[in-house]
Amino acid sequence: MTTAGLKSTPGGALRGTVRAPGDKSISHRSMILGALATGTTTVEGLLEGADVLATAQAMRSFGARVEQEGVGRWRIEGQGGFVEPSDVVDCGNAGTGVRLIMGAAAGFPLCATFTGDNSLRGRPMGRVLDPLARMGATWLGRDKGRLPLTLKGGNLRGLNYTLPMASAQVKSAVLLAGLHAEGGVEVIEPEATRDHTERMLRAFGAEVIVEDKDGVRHIRLPAGQKLTGTHVAVPGDPSSAAFPLVAGLIVPGSEVTVEGVMLNELRTGLFTTLQEMGADLVISNVRESSGEQVGDITARYSPDMKGVVVPPERAPAMIDEYPILAVAAAFAEGPTVMRGIGEMRVKESDRIALTAAGLKACGVTVEEEPEGMTVVGTKRANHPVRGGGKVVTHGDHRIAMSHLILGMAAQEPVEIDEPGMIATSFPGFADLMRGLGGSIAEA
Ligand code: S3P
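This is a predicted model, so every value here is computed, not measured.

Next up on the list: the side chain of Thr 197. Locating Thr 197 in the fold gives a position in helix α7 (residues 196-203). Judged by its relative accessible area of 1%, Thr 197 falls in the buried class. In this structure Thr 197 touches Arg 29, Ser 172, Leu 175 and Leu 176, once residues within four positions along its chain are discounted.

Right under this line is the structure:
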């Protein structure tokens, strides 16, 4: 892992066509469902980032055979269930990985100890452990269910669970545990979150019943489901595509196309918001791939973007994208108001605090609220974004990439620490941006 920082420097226009790396959410799920299933699962387009590789390794420790067959091509021989791991399961930086794996593991009569890196060991696991405990799993861990913790599963009873926060990870953990619960499970989602687990469970042969009752989604997984290995084509990750696309919008003269981006409407809130701001963002060639819509997105330099109020109910569809939206907002005219985003504080870092601090270090006016932030675009005062900040990322990949993008369009270079963490979700980010004409170098 690189120890030096990275620095992005303002330069010429960005131009070209690239592919986004495979979607992180779908990549994790393909590994976990493949390991739970009976028979062979083949995956193409897997995100080979550190997070997903940690999940692949975890699946080996629960008994699956997991092998790489080529770039992005993987084969998983599922055993139809999990066996007890013989050592601690280290999920690295991956909240999605550990939370979904704990849900899946809870269904089996085994004992497993989970840990992760410094960031993951600081993140709340109680949100997953509470429903799992109600189903009959037991656990012993640090204060507030922080990792490392040991989980004992098996003999689960069914559960009817209303999500206390908009979290696809919690929903997915309950559904995966529900595969082996007496009586099945029902998850009620007051706010719809990404539905990749539901879709993929169906692709593996499970019956998932989704009903909309007065705008509230009820997701039911009847008891006695069997998963059978299948083929998964992983679409491009909209959360990663966001970085070169926003760069295209804010670097003068640019035109950037990202191909094969997943367009699941529970993930595309950022693109909607950017279009509302007046961004020249065009989606074309929309097609279907492995049960998801994908398309190509072209971003052209958009000097006339205006600040907007982002509807709080859109938050689950763009929760990982607020840091890069905040960067786009810095180049717009007037304030962009983001509320209902308290969940950002419990991601890989406190992303509200770090986005606000990073932008302020680059000369942007930001007001932080407990569950929101407002970025005042510098165009209002008719001056360019200064840049020049040294940004502390606390090992958060999205904070790192967002500020590197800012540095390409600002007046002065921007430096970030801990660039090695970018590989958790976007291996090759710096090379891809250089290929488009961006300037990123060791600081
Ligand atoms: C994810 C869900 C989101 C998101 C994370 C991936 C998933 O987390 O932030 O990067 O794959 O289910 P929450 O479910 O905690 O909101």
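Having seen the model, we can carry on.
Residue placement: Leu 6 occurs in strand β1 (residues 6-9). The exposure class of Leu 6 is buried, given its relative accessible area of 10%. Placed 434 residues apart in sequence, Leu 6 and Ile 440 show a C-alpha to C-alpha distance of 6.8 Å. Ignoring anything within four residues of it in the chain, the contact list for Leu 6 reads Leu 404, Val 414, Glu 415, Ile 416, Pro 419, Ile 422, Ile 440, Ala 441, Glu 442 and Ala 443.

A few words on the nonpolar core. Grouped together as the largest cluster of nonpolar side chains are 74 residues, with contacts concentrated most on Ile 250, Leu 274, Tyr 322, Phe 429 and Met 433. Beyond its immediate stretch of four places on either side in the chain, Phe 429 contacts Phe 243, Met 401, Leu 404, Ile 405, Ile 422 and Ile 440. Leu 33, Ala 112, Phe 204 and Val 232 belong to the second largest nonpolar core, which has 68 residues in total.

We now examine the sheet that holds strand β7 (residues 111-115). Working definition: the strands of a sheet are paired by backbone hydrogen bonds and lie parallel or antiparallel to each other. Pairing is mixed in the open sheet, where 4 strands are placed in the order β6-β7-β9-β8. Looking at strand neighbours, the two that pair on one side only are β6 (89-90) and β8 (138-142), the edges of this open sheet. Relative to β7, β6 runs parallel, the two being bridged by 2 bridges. Note on β7: the bridge partner recorded for Val 89 is Phe 114.

We now examine the site of the ligand. In the vicinity of the ligand, the residues found are Ser 25, Arg 29, Thr 96, Ala 166, Ser 167, Ala 168, Gln 169, Arg 194, Ile 319, Asp 320 and Lys 347. With respect to the ligand, the backbone of Gln 169 contributes an N or O atom lying 2.8 Å from an oxygen atom. Within the contact set of the ligand, an oxygen atom lies 2.7 Å away from a side-chain nitrogen or oxygen of Lys 347. Contact with the protein chains covers 95% of the free accessible surface of the ligand, which is 380 Å². When residues of the shell around the ligand are sorted by domain, at least three fall in each of domain 1 (6-20 + 235-442) and domain 2 (24-233).

What counts, and where the lines are drawn
- Residues numbered from 1 in each chain as written.
- Predicted model: local features only at pLDDT ≥ 70, side-chain atom pairs only at ≥ 80, totals over all residues.
- Heavy atoms only, no water.
- Helix = DSSP H or I, 4+ residues; strand = E, 2+ residues; numbered from the N terminus.
- Buried < 20%, exposed > 50% of the residue type's maximum accessible area, 1.4 Å probe, protein only.
- Contact = heavy atoms within 4.5 Å.
- Core = buried A, V, L, I, M, F, W, Y, C linked by side-chain atoms within 4.5 Å.
- Pairing = 2+ DSSP bridges.
- Near = heavy atom within 4 Å.
- Polar contact = N/O pair within 3.5 Å; in protein donor to acceptor, adjacent residues only side chain to side chain.
- Areas by Shrake-Rupley, 256 points an atom, 1.4 Å probe, with all protein chains shown as cover.
- Domains from an automatic or database assignment.

Everything listed here is a matter of coordinates, which is why it stays silent on function.
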